[in-house]
Amino acid sequence: MPEFADSSRARAESPAERHSRWTWIHETAAMTGWNFTALEGRLVADDPPWDFDTMCLEAWDDASTVLDMGTGGGERLIALVKRFRGRHPGTAPDLSIVATEGWAPNVPVAAAALEPFGIEVSDYDSGDGEPLPWPDASFDVVMNRHESYDIAEVARVLSPGGLFLTQQVDGTEAIEFRNWFGGEPEHPEIQLEPCVDAVEEQGLRVEAARRWQGTMRFTDVEAVIEYLAYVPWDVPDFVVGDHLGGLERLAAERRPIEVTQKRFLIAAIKE
């Protein structure tokens, strides 16, 4: 874990200069794909006790068709494909993989990154109410990491015996942000129990349902500001100028700034 060192720069700045710099950080933060490397060393996040990627790979071993929902920029899916090939030296089993991405700027990024692997990317956001662009019973595995989904559509495209595997961010996580900056969680309904109920209502048999709580640690307030630019749904409509008092208090504490993480896992089979 990196040292969370204090910065002396803030003491050398006037409040107006500091606030201007904070605003610039928030307004200029940009992420390509789903990549937090800009915060490397400044954000340390605990990991759940389960290994979601390994669970996906194990499911691939018995599959012929796979859907990755919310592939981001394709980074994680590429890593999985490479690991899968490494698990099967020589000729890997014949596996057809497709992906969706719901954030428009990421779609061409993912499409370009995944094209060399023969993986097509469809522009799809479950919140639009449109069906997934595949026929019934198309996939042996549907995997979904931190992406919204319409469980009725997931159940429709799963083949009999197919596996739905999802890791979700609990909609009530990071309560500290709202304590500091106000507001309400954008999707408080995203929690384990109602999601399990919805899965079972679609006729899927839940094989695993687990929850976990951990911590994210930010080195300084600037890392928090940049993170909120990347993940705006944690504090909807966050503007630096509206929260200078709270930001100054966080900066003055000169310690790791800790925020609660919450994750849950569901694995379900279509009978």
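Residues numbered from 1 in each chain as written. Predicted model: local features only at pLDDT ≥ 70, side-chain atom pairs only at ≥ 80, totals over all residues. Heavy atoms only, no water.

I tried to follow the pairing of strand β6 (residues 158-169) on my own but got confused; where do I start?
Every other side chain in a regular strand lies on the same face of the sheet, so the side chains alternate between the two faces. A large share of β6 lies buried, amounting to nine of its 12 residues. Pairing geometry for strand β5 (residues 139-145) and β6, over six bridges, is parallel. Among the inter-strand pairings, Asn-144 is bridged to a residue of β6, identified as Thr-166. Between the parallel elements β5 and β6, the chain passes through helix α6 (residues 151-157) in a crossover that is right-handed. Alignment of β6 against strand β8 (residues 257-270), held across seven bridges, turns out to be antiparallel. In the strand pairing of β8, Leu-165 is matched with Ala-267. (Buried < 20%, exposed > 50% of the residue type's maximum accessible area, 1.4 Å probe, protein only. Helix = DSSP H or I, 4+ residues; strand = E, 2+ residues; numbered from the N terminus. Pairing = 2+ DSSP bridges. Right-handed = clockwise from strand over helix to strand, strands pointing away.)

I tried to follow the UniProt feature "domain: Methyltransferase type" (unreviewed entry) in the protein on my own but got confused; where do I start?
Under the local residue numbering, the UniProt record ascribes the feature "domain: Methyltransferase type" (unreviewed entry) to residues 67-165. Regarding residues 67-165, the helix share stands at 29% and the strand share at 28%, and the terminal C-alpha atoms are separated by 10 Å. (UniProt positions renumbered as here; feature names shortened; annotations may be inferred.)

Explain the packing of helix α2 (residues 15-28) against helix α10 (residues 244-253) to me, please; I cannot follow it from the model alone.
The description of two helices packed together rests on the angle between their axes and the distance between the axes. Direction vectors running N to C along α2 and α10 enclose 100°, while the axes themselves pass 12 Å from each other. Compared by their axis directions, α2 and α10 come out roughly perpendicular. Here Arg-18, His-19 and Trp-22 of α2 lie close against α10, whose contacting residues are Leu-244, Leu-247, Glu-248 and Ala-251. Split into classes, the residues belonging to the contact of α2 with α10 amount to four nonpolar, one polar and two charged. (Axes fitted to C-alpha atoms, helices over the stretch in contact; angles between N-to-C directions. Parallel < 35°, antiparallel > 145°, perpendicular 65-115°, else oblique. Contact = heavy atoms within 4.5 Å. Nonpolar A, V, L, I, M, F, W, Y, C, P; charged D, E, K, R; others polar.)

Sorry, what's going on with the side chain of Thr-166 here?
Checked against the element boundaries, Thr-166 lands in strand β6. On the basis of relative accessible area, Thr-166 is assigned to the buried category, the value being 0%. A distance of 2.8 Å separates a polar atom in the side chain of Thr-166 from the backbone oxygen of Asn-144. A distance of 2.9 Å separates polar atoms of two side chains, one belonging to Thr-166 and the other to Gln-168. Beyond its immediate chain neighbours, meaning those up to four positions away, Thr-166 contacts Phe-52, Asn-144, Tyr-149, Phe-264, Leu-265 and Ile-266. (Polar contact = N/O pair within 3.5 Å; in protein donor to acceptor, adjacent residues only side chain to side chain.)

Honestly, the pairing of β8 in this entry has me stumped. Any pointers?
With 12 of 14 residues buried, β8 lies mostly within the body of the structure. Here strand β7 (residues 204-218) pairs with β8 via 14 bridges, running antiparallel. Counterpart to Gly-214 in the pairing with β8 is Gln-261.

Would you mind going over the environment of Gly-86 with me for this structure?
By the element assignment, Gly-86 lies in helix α4 (residues 75-87). Taking the C-alpha atoms as reference, Gly-86 lies 21 Å from Asp-140; in sequence the two are 54 residues apart.

Where do I start with the pattern of salt bridges in this structure?
Opposite charge on two side chains lets them pair, provided their charged atoms get close. In total, this model carries 16 salt bridges according to the counting rule given. Across the pair Glu-13 and Arg-21 runs a salt bridge, and its minimum N-O distance is 2.7 Å. Each member of the pair Glu-13 and Arg-21 is classed as buried. Residues Arg-156 and Glu-153 are paired through a salt bridge, measuring 2.7 Å at the closest nitrogen-oxygen approach. With a gap of three residues between them, Arg-156 and Glu-153 both fall in helix α6, about one helical turn apart. (Salt bridge = Lys/Arg side-chain N within 4 Å of Asp/Glu carboxyl O.)

Looking at this structure, I do not really get the packing of helix α3 (residues 52-60) against α4. What am I missing?
Running from N to C, α3 and α4 point in directions that differ by 55°, and their axes come no closer than 10 Å. Classified by the interaxial angle, the pair formed by α3 and α4 is oblique. The handedness of the crossing between α3 and α4 comes out as right-handed. Taken together, the residues of α4 that come into contact with α3 (itself represented by Phe-52, Asp-53, Thr-54, Cys-56, Leu-57, Glu-58 and Trp-60) are Arg-76, Leu-77, Leu-80, Val-81, Arg-83, Phe-84 and Arg-87. Here the residues of the contact of α3 with α4 are counted per class, giving eight nonpolar, one polar and five charged. (Left-handed = near helix turned anticlockwise from the far one by under 90°.)

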